[in-house]
Amino acid sequence: MTAIRHLSLGHACVDVYQGAVAALVPYFVAERAYTYAAASGVVLAASLLSSVVQPLFGALTDRWAMPWLLPLSALTAGAGAALSGVTDSYALTLAAVAVSGVGVAAYHPEAARAARAAAGGSHAAMGWFALGGNLGFAAAPLLVMAVVGLGGLGAAPLLIVPALAAAVRAAGRRSVSGPVSAGAGRDDWRSFLRLSGAIVCRSVVFVGLSAFVSLYVRERTGGGEMAGTVALCVLYAGGAVGTVAGGRLADRYGRLAVVRWSYVLTVLAVAGLVLVPGPLVHAFVALTSAGLYVPFSLHVTLGQDCLPRRVGTASGVTLGLTVSVGGLAAPALGALADATSLRTALLPLVALPAVGRLLLCGLREPGAEDQTVAAGSVSSSTE
C-alpha cells in the first residue's frame, strides 16, 4: 500500500490542474468579460490536445517503462495553468491551458500502469489511487479561490506549487514505476469500445457540470461566489467517497453491477440538479458526484482487463481520451447557454447517462468468455 499511497498523492497534485481550469472559468468571465462560449472554449483547449495525445502516451508506456515522465508531466501541467492568468490574450490563454492538458495527459497512462502493478489486482487499491485524483479535483476550486480569488488572475503563477510537490515526490520514487508484463488472454476491442462509449457519456456530463455548475448555482440560489465555489467543491469532493466506495462495492457485488447502477443514479441526480428549484440543488450536486465517481476506478480496471496486452493504451483511453472528449461538448453547451439560458443548456446532460447505461447492456466481465470456453473445452476432453 505504500507505493499506492505515493502514487495517489502524486495523482492528487496533478489532477488539481484538471479541476483548476474549470475553477478559473468564473474569474475569466469576471475579469476578462468572456462570454459563456469563450469560457467553454478554455475548457475545450485544455481537453482537445490532451484527448489526442493521451492514448499515444499510453501506447508508449506499453513498450517502455518511463518513470521520468511522471515529474516532467507534473511540471508541464502546473506551468500551463500558472501561465493562463498572466496574459490578457485569449489565444495565449488557450495555448497555456492546452499545455497544461498535455501535461495531465502524459501523466495518467504511466501512473495508472504503475498503480496497476502496485495494486496487485485489488479493486480497492485502485480505488485509492483514483481517490488521489478526485481529491486533487476537489482541492482545485479552493486553491484557485485562495490564489486567484484573493490576488486576481495575476497571482496565477502560484498555482504551480502542487506541480513542484508532485515532481519532487515522483523523482524520488522512480522504483514505483517498474515494468508490467502483458497480461494473459486476448484483447476484446468490441467490449472496450462499448465501455469507452459509456465513459464518454459520463465525461460530457462531468465536464459540462465542471464548467458551468458554479455559475448555475450562483444564478439559481443568488448566493454569489461562495455558493458557486461550494457547489464545485461538492461536485469534486463527492469523488473522495464515491471512488473508494466503488472499489469496495465492486469487490463485493462485481464491477459491472456497480457501474450499471451508478449510471442509473446519475440520470436521476442530474435531473434533480437541473429541474428541482431552491437550495436542494446542492444535495443533487452531491448525488450527481456520487453517480459519476463510483464507477471511475472501475472504468480503468475494466478497460485494462478488456485489453490485457495493452494496459497502457487502455489506461490512456479510459483515464484520458474518453474523459477529455467531454471537453469537446463544452463549447456547444456554452453557445446554447448564450442563445437560451444556462438551465436549458444543461438539460441534455440528463439523457447522456441513460445512453451510457444502454451501452453497458450485455457487456460481460472481461475474461468471462474465455473462462467459459476453457471450461467447455475441459468438459469435452473428459467425456
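Above: the structure in question.
Residues numbered from 1 in each chain as written. Predicted model: local features only at pLDDT ≥ 70, side-chain atom pairs only at ≥ 80, totals over all residues. Heavy atoms only, no water.

Draft legend 1. Region of interest: helix α11 (residues 296-306). The buried fraction of α11 amounts to ten of the eleven residues, a majority that puts the element mostly inside the structure. Listing the buried residues of α11 in full gives Phe 296, Ser 297, Leu 298, His 299, Val 300, Thr 301, Leu 302, Gly 303, Gln 304 and Cys 306. (Buried < 20%, exposed > 50% of the residue type's maximum accessible area, 1.4 Å probe, protein only. Helix = DSSP H or I, 4+ residues; strand = E, 2+ residues; numbered from the N terminus.)

Draft legend 2. The arrangement of the packing of helix α3 (residues 69-83) against helix α4 (residues 90-119) in detail. Close contact between α3 and α4 brings their axes to 7 Å; oriented N to C, the two are set at 155°. What the angle tells us is that α3 and α4 run roughly antiparallel. In this structure, α3 meets α4 at a crossing whose hand is left-handed. Contacts from Leu 69, Leu 70, Ser 73, Thr 76, Ala 77, Gly 80, Ala 81 and Leu 83 of α3 reach α4 at Ala 96, Val 97, Val 99, Ser 100, Gly 103, Val 104, Ala 106, Tyr 107, Glu 110 and Ala 111. Among the residues making up the contact of α3 with α4, the classes are represented as twelve nonpolar, five polar and one charged. (Axes fitted to C-alpha atoms, helices over the stretch in contact; angles between N-to-C directions. Parallel < 35°, antiparallel > 145°, perpendicular 65-115°, else oblique. Left-handed = near helix turned anticlockwise from the far one by under 90°. Contact = heavy atoms within 4.5 Å. Nonpolar A, V, L, I, M, F, W, Y, C, P; charged D, E, K, R; others polar.)

Draft legend 3. Focus on the pattern of salt bridges. Counting across every chain of the model gives three salt bridges. For Asp 305, the salt bridge is made with Arg 255, and the minimal N-O distance between the two is 2.9 Å. Linking Asp 305 in helix α11 with Arg 255 in helix α9 (residues 255-275), this pair joins segments that are 50 residues apart in sequence. The shortest N-O distance in the salt bridge between Arg 255 and Glu 365 comes to 2.2 Å. Here Glu 365 lies in the loop between α15 (352-360) and α16 (368-382) and Arg 255 lies in helix α9, a separation of 110 residues in the sequence. With relative accessibility at 30%, the residue Glu 365 sits in the partly exposed group. Connected through shared salt-bridge partners, Arg 255, Asp 305 and Glu 365 make up one network. (Salt bridge = Lys/Arg side-chain N within 4 Å of Asp/Glu carboxyl O.)

Draft legend 4. Just the nonpolar core, in detail. The biggest cluster of nonpolar side chains holds 84 residues, and the ones touching the most others in it are Val 144, Leu 209, Leu 235, Tyr 236, Leu 273 and Leu 349. It is helix α1 (residues 2-32) that provides the largest number of residues to this core, a total of 13 residues. Beyond its immediate stretch of four places on either side in the chain, Leu 273 contacts Leu 209, Tyr 216, Arg 220, Val 281, Phe 284, Val 285 and Thr 288. Counting residues in each nonpolar core, the second largest holds 13 residues, with Leu 195, Ile 199, Leu 256 and Leu 298 among its members. (Core = buried A, V, L, I, M, F, W, Y, C linked by side-chain atoms within 4.5 Å.)

Draft legend 5. How the structure looks around unusual backbone geometry. Not every positive phi belongs to a glycine, and Ala 33 is a case in point at roughly 55°. For Ala 33, a relative accessible area of 62% puts it in the exposed group.

Draft legend 6. Layout of the packing of α1 against helix α7 (residues 189-221). One can describe the packing of α1 onto α7 by two numbers: an axis separation of 8 Å at closest approach and a directional angle of 45°. Accordingly, the angle class assigned to the pair α1 and α7 is oblique. Along this stretch, α1 crosses α7, giving a crossing that reads as right-handed. Together, Ala 22, Val 25 and Pro 26 of α1 and Ser 210, Ala 211, Ser 214, Leu 215 and Arg 218 of α7 make up the contact between the two elements. Per-class residue counts for the contact of α1 with α7 are five nonpolar, two polar and one charged.

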